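Commentary on secondary and tertiary structure
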Amino acid sequence: LYEKALEFVNKAIHIDGENADYWARCGKIHLATGNLDEADYAYSQAVRLEDYSLGTWSSWCEVLWQAKEYQALYEVLKQAVKFHPKTGEFRYRLAGISLLLGEEKKARTQRMRAFQMLPEAYAQFQEDFPDFPHWVPIEKASDQPGKASE
């Protein structure tokens, strides 16, 4: 099934390599089949061709997460936040990746912004980044003077 879909999308890209939708579809197929390098390239092409949709950014981030390309993921997330500043999920991911890269101050700032936008997703942040239990939970931190402005 994926092989046939990839064949069709590659033909479409050959005909019109400047079509962002074709590149995003190509990325989706490669992500589904585990071809992460190809998926990364396809999503980067889609964004280069001005596909700034939430789905494209989210899928590209998933590719980089699965590939453990954390520095690249950090850079893509920073761009995604610029295009979707009110999307708490991107900020939570940016917080977690900042932690993985040793940027605790940036991580705390992003975590607080994400929590203000989407408090119900905080449990997902804790599940995705369990290696950081030393952080005071946001609910407790916001009750303490000087902690709410992380």
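Residues numbered from 1 in each chain as written. Predicted model: local features only at pLDDT ≥ 70, side-chain atom pairs only at ≥ 80, totals over all residues. Heavy atoms only, no water.

1. Details of the nonpolar core
One finds Trp57, Trp60, Leu77, Tyr92 and Phe125 to be the most contacted residues of the largest nonpolar core, which totals 30 residues. Mapped onto this core, the elements with two or more residues apiece are α3 (36-48), α4 (54-66), α5 (70-83), α6 (88-100), α7 (104-117) and α8 (122-128). Excluding its chain neighbours within four sequence positions, the residues that come into contact with Leu77 are Cys61, Phe90, Arg93, Leu94 and Ile97. The next biggest cluster of nonpolar side chains, apart from the first, holds eleven residues, and it includes Leu6, Ala24, Ala46 and Leu49. (Core = buried A, V, L, I, M, F, W, Y, C linked by side-chain atoms within 4.5 Å. Buried < 20%, exposed > 50% of the residue type's maximum accessible area, 1.4 Å probe, protein only. Helix = DSSP H or I, 4+ residues; strand = E, 2+ residues; numbered from the N terminus. Contact = heavy atoms within 4.5 Å.)

2. Describing the layout of surface pockets
Quantified by volume, the largest pocket comes out at close to 200 Å³. Looking at the largest pocket, the residues that line it are Leu54, Ser58, Thr87, Glu89, Phe90, Tyr92, Arg93, Ala121, Gln124, Phe125, Asp128 and Phe129. Mapped onto the lining of the largest pocket, the elements with two or more residues apiece are α4, α6 and α8. Taken together, the residues of the lining of the largest pocket break down into six nonpolar, three polar and three charged. (1 Å grid on protein atoms, 1.4 Å probe; cavity = no way out; pocket = protein on both sides within 12 Å on 5 of 7 lines; lining within 4 Å. Points joined across faces, edges and corners; volume = space filled by probe spheres on them. Nonpolar A, V, L, I, M, F, W, Y, C, P; charged D, E, K, R; others polar.)

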